Amino acid sequence: GAGVSQSPRYKVAKRGQDVALRCDPISGHVSLFWYQQALGQGPEFLTYFQNEAQLDKSGLPSDRFFAERPEGSVSTLKIQRTQQEDSAVYLCASSLARASGYNEQFFGPGTRLTVL
Amino acid sequence: AQSVTQLDSQVPVFEEAPVELRCNYSSSVSVYLFWYVQYPNQGLQLLLKYLSGSTLVKGINGFEAEFNKSQTSFHLRKPSVHISDTAEYFCAVSDVAGYSTLTFGKGTMLLVSP
């Protein structure tokens, strides 16, 4: 079946613009994660959803970052008034189960955001 | 909270030579351990994982890793690398009791040359 998809794959924004990044998880996957990967760094956790509930948003770097998953499937990460330091690859991952313990995360290809 | 340290940012190696990519972690709770590979312009792919049991784990593409609790290490090894192994490798941990959120190291770029 289809894996995790993300769109757009590349986004160039002018400083101060708002952007919206989309993630389509694997069908039936309950858990959804967003990570931010700056150039030359490992991915860093942003936020976590279990179905439509956002259970952890401790990694969001500022109140300009907002994520939603209103129907428990597709998720959108929105960044308001983008700054140059927001330039990064934004990765989405989904996993099947909601319980704690090991649940393999499947990653999308990412959206590369460049803020000029 | 957990942290992961990958001691080498870049490892150059010749084709068919053995390689070891080092990873150390710090955590106050029990963790699962992972190695992911990232090819250019692609997402992360799971290479192998340690959940429990045998400390030597085997993964895809001939890679293996050994969990050493006393040294808090999880080094990745391959006895003979190929050109196609050229990629970025990330070590990661997740809290056994949590939501499976991953904490990654900064990555090691494996450069295999002929």
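Okay, so let's go over this structure. (Residues numbered from 1 in each chain as written. Chains lettered and ligands numbered in written order. Predicted model: local features only at pLDDT ≥ 70, side-chain atom pairs only at ≥ 80, totals over all residues. Heavy atoms only, no water.)

Observations regarding empty space enclosed by the protein
Thinking step 1. In this structure the tally under the stated criterion is one cavity of 30 Å³ or more.
Thinking step 2. Estimated volume of the largest cavity: approximately 40 Å³.
Thinking step 3. Lining the largest cavity, in full, are Y102, N103, E104 and Q105 of chain A together with F34, Y36, L46, S100 and L102 of chain B.
Thinking step 4. For the lining of the largest cavity, the per-class residue count stands at five nonpolar, three polar and one charged. (1 Å grid on protein atoms, 1.4 Å probe; cavity = no way out; pocket = protein on both sides within 12 Å on 5 of 7 lines; lining within 4 Å. Points joined across faces, edges and corners; volume = space filled by probe spheres on them. Nonpolar A, V, L, I, M, F, W, Y, C, P; charged D, E, K, R; others polar.)

Some points on the interface of chain B and chain A
Thinking step 1. The interface is formed by 22 residues belonging to chain B together with 24 residues belonging to chain A.
Thinking step 2. Of the roughly 1800 Å² buried between chain B and chain A, counting both surfaces, carbon and sulfur atoms make up 56%.
Thinking step 3. Summed over the shared surface of chain B and chain A, the number is zero salt bridges.
Thinking step 4. At the level of secondary structure, the elements contributing two or more residues to the side of chain B that touches chain A comprise β5 (31-38), β6 (44-50) and β11 (102-104) of chain B. (Contact = heavy atoms within 4.5 Å. Buried area = accessible area lost by both parts, 1.4 Å probe. Salt bridge = Lys/Arg side-chain N within 4 Å of Asp/Glu carboxyl O. Helix = DSSP H or I, 4+ residues; strand = E, 2+ residues; numbered from the N terminus.)

Overview of the nonpolar core
Soluble globular proteins tend to bury their nonpolar side chains together.
Thinking step 1. In terms of nonpolar packing, the biggest core is built from 28 residues, with W35, L48, F74, L76 and Y89 of chain B touching the most fellow members.
Thinking step 2. Residue assignment for this core shows that the elements contributing at least two residues are β2 (10-14), β3 (19-21), β5, β6, β8 (64-68), β9 (73-78), β10 (87-95) and β12 (108-113) of chain B.
Thinking step 3. Non-local contacts of F74 of chain B, meaning those with residues more than four positions away in its chain, are made with C23, L33, F34, W35, L48, K49, Y50, V57, A65, E66 and F67 of chain B.
Thinking step 4. In this structure, L21, I26, L46 and I79 of chain A belong to the second largest nonpolar core, which totals 20 residues. (Core = buried A, V, L, I, M, F, W, Y, C linked by side-chain atoms within 4.5 Å. Buried < 20%, exposed > 50% of the residue type's maximum accessible area, 1.4 Å probe, protein only.)

Some remarks on the sheet that holds strand β7 (residues 65-68) of chain A
Residues and elements named next belong to chain A.
Thinking step 1. Pairing within the open sheet is antiparallel, and its four strands lie in the order β1-β3-β8-β7. What marks the edges here is a single partner per strand, and that holds for β1 (5-7) and β7. The mean angle between the axes of side-by-side strands here comes to 15 degrees, regardless of whether they run parallel or antiparallel.
Thinking step 2. Here β7 pairs with strand β8 (residues 75-79) via four bridges, running antiparallel. When the bridges of β8 are listed, E68 appears paired with T76. (Pairing = 2+ DSSP bridges. Axes fitted to C-alpha atoms, helices over the stretch in contact; angles between N-to-C directions.)

Focus on the layout of surface pockets
Thinking step 1. By volume, the largest pocket is sized at about 510 Å³.
Thinking step 2. Q37, L39, V89 and R112 of chain A together with Q38 of chain B are the residues nearest the centre of the largest pocket, which is lined by 25 residues in total.
Thinking step 3. Counting only elements with at least two residues in the lining of the largest pocket, the list comes to β9 (88-95) and β11 (111-115) of chain A together with β10 of chain B.
Thinking step 4. Partitioned by chemical class, the residues of the lining of the largest pocket number 12 nonpolar, nine polar and four charged.
Thinking step 5. Put simply, the second largest pocket is a space of about 360 Å³.
Thinking step 6. For the second largest pocket, the lining is made up of 19 residues, of which F45 of chain A together with Q2, L102, T103 and F104 of chain B are closest to its centre.
Thinking step 7. Of all the secondary structure elements, the ones that give two or more residues to the lining of the second largest pocket are β5 (44-50) of chain A together with β1 (2-5) and β11 of chain B.

Side note on the environment of L116 of chain A
Thinking step 1. Considering the arrangement of structural elements, one finds L116 of chain A in the segment after β11.
Thinking step 2. Residues L116 of chain A and P43 of chain A, spaced 73 residues apart in sequence, show a C-alpha to C-alpha distance of 22 Å.

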